[in-house]
Amino acid sequence: MAAHHGEVVTTTHLTPTLVRIVLGGPGLDAVEMPESTDAYVNVAIAPPDAGYGPVFDPRDVLETCAPEQAPARRRYTVRHWDPAQRRLTLDFVVHGDTGVAGPWARRAAVGDVLVFNGPGGGYRPDPGAPWHLMVGDESALPAIAASLEVLAPGDRAVVRLVCDGPEHEVALTSPADVDLVWLHRGSSAASLPRSVEALTFPDGSPQVFVHGEADEVRAVRRHLVLARGLPVAAMSCSPYWRRGMSDEEWRSVKKEFTAAMDADLAG
């Protein structure tokens, strides 16, 4: 994937833990965004003592610098792309000083530079689907929000989202008929798997989008395939992160975890 960079144009704190960054500038001139509503970019955030400038090619850094100088890599879903204004909007989940990208977003100021590779993507709501099931947490929120916006009047979507509380909810808009329920962590009814198990499905087989915390995604996927009989081909399911693990720790075991997810479907 090609390397690009954007300059921070605006920062907005949408919720106590969600920061929206809008990027602009000539470093976005060559960006070609796919039609996917789960389009993503792989951001590269240099360490504080990096011996190279704010604009860099991550591949060159890996080839020419010591390992400790390597930028941290994180994947973020594109919330919005304005091709006319060349503006890229990304939403960052921030938990204090935990992690790398979140603290960067919390401190970001106008003019700061963010380097990234991409974009890529693979999911977009099928206009021919009888209805749509979208399930996730804050990490899946940009893709779900973008997906709801491209649905047509008369389409139907069932959405279940989990967050930390009412103040962490964000407004979602869609021309479709949307059954949206926010679940709040810490309550007995906050389980995404249980919320999906309790659903009375509309007629027809849905197109499914389930992304978020690894164990929750695994449980929802297993239920949809084994209990509901949904075809895997009609589902986009991805474990973005795993509770109790850093991003680096999760990436080191993700391949084995996804293999175990597939083994679940054997019954």
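Look a little higher up for the structure.
Definitions and cut-offs
- Residues numbered from 1 in each chain as written.
- Predicted model: local features only at pLDDT ≥ 70, side-chain atom pairs only at ≥ 80, totals over all residues.
- Heavy atoms only, no water.
- Salt bridge = Lys/Arg side-chain N within 4 Å of Asp/Glu carboxyl O.
- Helix = DSSP H or I, 4+ residues; strand = E, 2+ residues; numbered from the N terminus.
- Buried < 20%, exposed > 50% of the residue type's maximum accessible area, 1.4 Å probe, protein only.
- Axes fitted to C-alpha atoms, helices over the stretch in contact; angles between N-to-C directions.
- Parallel < 35°, antiparallel > 145°, perpendicular 65-115°, else oblique.
- Left-handed = near helix turned anticlockwise from the far one by under 90°.
- Contact = heavy atoms within 4.5 Å.
- Nonpolar A, V, L, I, M, F, W, Y, C, P; charged D, E, K, R; others polar.

*Asks:* Hey, could you go over the pattern of salt bridges for me, with residue numbers and the actual values?
*Replies:* Applying the stated criterion to the full structure yields 18 salt bridges. Linking E138 and R185 is a salt bridge whose minimum nitrogen-to-oxygen distance equals 2.7 Å. Placement of the pair is E138 in the loop between β7 (132–136) and α3 (141–150) and R185 in the loop between β9 (177–184) and α4 (192–197), with a sequence separation of 47 residues. A salt bridge links R222 to D264; the shortest N-O distance between them is 3.1 Å. Residue R222 is located in helix α5 (residues 214–227), and its partner D264 is located in helix α6 (residues 247–264); the two are separated by 42 residues in the primary sequence. Given the relative accessible area of 32%, R222 is considered partly exposed. The structure contains a network of salt bridges with shared partners spanning R74, D247, E248 and R251.

*Asks:* So what about the packing of α5 against α6? Which residues, and what values?
*Replies:* Between α5 and α6, the least distance of the axes is 10 Å, while the angle of their chain directions is 15 degrees. Relative to α6, the element α5 is oriented roughly parallel. Judged by the twist between their axes, the crossing of α5 over α6 is right-handed. Each of A214, D215, V217, R218, R221, R222 and L226 in α5 lies in contact with α6, whose residues at this interface are W250, F257, A260, M261, D262 and D264. Looking at the contact of α5 with α6 residue by residue, the classes come out as seven nonpolar, no polar and six charged.

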